[in-house]
Amino acid sequence: MVRIEDLTFGYGADGFRLRVPEFSLEDGARVAVVGPSGSGKTTLLNLIAGILTPETGRIDVAGSEISRLSDAARRRFRASQIGFVFQDFALLEYLSARQNIYYPYRITPALTLDVEARDRAEALAAACGIGDKLDRHPSALSQGEQQRVAICRALVTQPKLILSDEATGNLDPESKARILDLLFDRAAEAGAAVLAVTHDHELLPRFERVLDFAQFREGAGS
Ligand code: ADP
Ligand code: MG
């Protein structure tokens, strides 16, 4: 699903640098990403999603070399193939929770907001415990509720790749386990791979593999 080779990336000439010699995420795999704050976990997810572009090396996602696509093609690809739960949720305040969940359909002509998609959105929201809050705008939702809207938006298109950036960080332990169950269930149904940044070490046994980020720091191990 994801294959990275000889990737380097830097924020400007003097900024943070990341080097990933090699990484693969198999179809349907569940991999956790851990590492200290500021070690580049979010940067890696943004590179895989094509939000950032590598300096050198290549990233293939679902058989496409994502950095070679045009900006427009990359946006389409991202919206139709990848579900991204952002660390800061990235919800749009001028849209209701429901319209936020529908957002991938608004920006991607290849996706159709049909009855099935609407039913899926409602079912996801109900399963997340926000079914009765879909008419509210983000500022009228708690952090945990906003996080669940972001998770519904990432799952509603049934993407083949789910990138999750501390998606359970603002939830109580019970909701955490429930939301992770939901994420894994939906991923398994869709045959999707999950790459999830997490600080919750008690959740790690639920993943097949753990990627410790310390190793990717430029200069690490050399
Ligand atoms: P993590 O998610 O592991 O906490 P990030 O990927 O967010 O780490 O950030 C890695 C490093 O890159 C940090 O030192 C951060 O300050 C820096 N960084 C993140 N985003 C930018 C940006 N847009 N411009 C410059 N530096 C950035
Ligand atoms: Mg981060």
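Residues numbered from 1 in each chain as written. Chains lettered and ligands numbered in written order. Predicted model: local features only at pLDDT ≥ 70, side-chain atom pairs only at ≥ 80, totals over all residues. Heavy atoms only, no water.

Digging into the sheet that holds strand 5 (residues 64–65)
Next, step 1: The sheet built from four strands is open, its strands ordered 2-1-4-5 with antiparallel pairing. With partners counted over all chains shown, the strands left at the sheet margins are strand 2 (17–25) and strand 5, one partner each.
Next, step 2: Where strand 1 (residues 2–10) meets strand 4 (residues 56–61), five bridges bridge the pair, whose relative direction is antiparallel. Following the sheet pairing, Thr8 is matched in strand 4 by Thr56.
Next, step 3: Packing of helix 1 (residues 41–48) onto the sheet brings it into contact with strand 1, strand 2 and strand 4, and relative to strand 1 it is tilted by some 120°. (Pairing = 2+ DSSP bridges. Helix = DSSP H or I, 4+ residues; strand = E, 2+ residues; numbered from the N terminus. Contact = heavy atoms within 4.5 Å. Axes fitted to C-alpha atoms, helices over the stretch in contact; angles between N-to-C directions.)

Digging into the coordination of the magnesium ion (ligand 2)
Where a metal carries four tetrahedral donors, each ideal angle is 109.5 degrees; where it carries six octahedral donors, the ideal angles are 90 or 180 degrees.
Next, step 1: Those protein atoms acting as donors to the magnesium ion (ligand 2) are Thr42 (OG1) and Gln87 (OE1), and they sit at 2.0 to 2.4 Å. Note that Thr42 is positioned in helix 1 and Gln87 in the loop between strand 6 (82–85) and helix 3 (97–107), a separation of 45 residues in sequence.
Next, step 2: When its relative accessible area of 28% is taken as the criterion, Thr42 is described as partly exposed. (Donors = N, O, S within 2.8 Å, 3.2 Å for Na, K, Ca; no water. Buried < 20%, exposed > 50% of the residue type's maximum accessible area, 1.4 Å probe, protein only.)

Quick look at the site of ligand 1
Next, step 1: Taken together, Tyr11, Phe16, Pro36, Ser37, Gly38, Ser39, Gly40, Lys41, Thr42 and Thr43 make up all the residues around ligand 1.
Next, step 2: Between ligand 1 and the protein, one listed contact pairs an oxygen atom with a backbone N or O atom of Ser39 at 3.2 Å.
Next, step 3: Separating an oxygen atom of ligand 1 from a side-chain N or O atom of Lys41 is a distance of 2.8 Å. (Near = heavy atom within 4 Å. Polar contact = N/O pair within 3.5 Å; in protein donor to acceptor, adjacent residues only side chain to side chain.)

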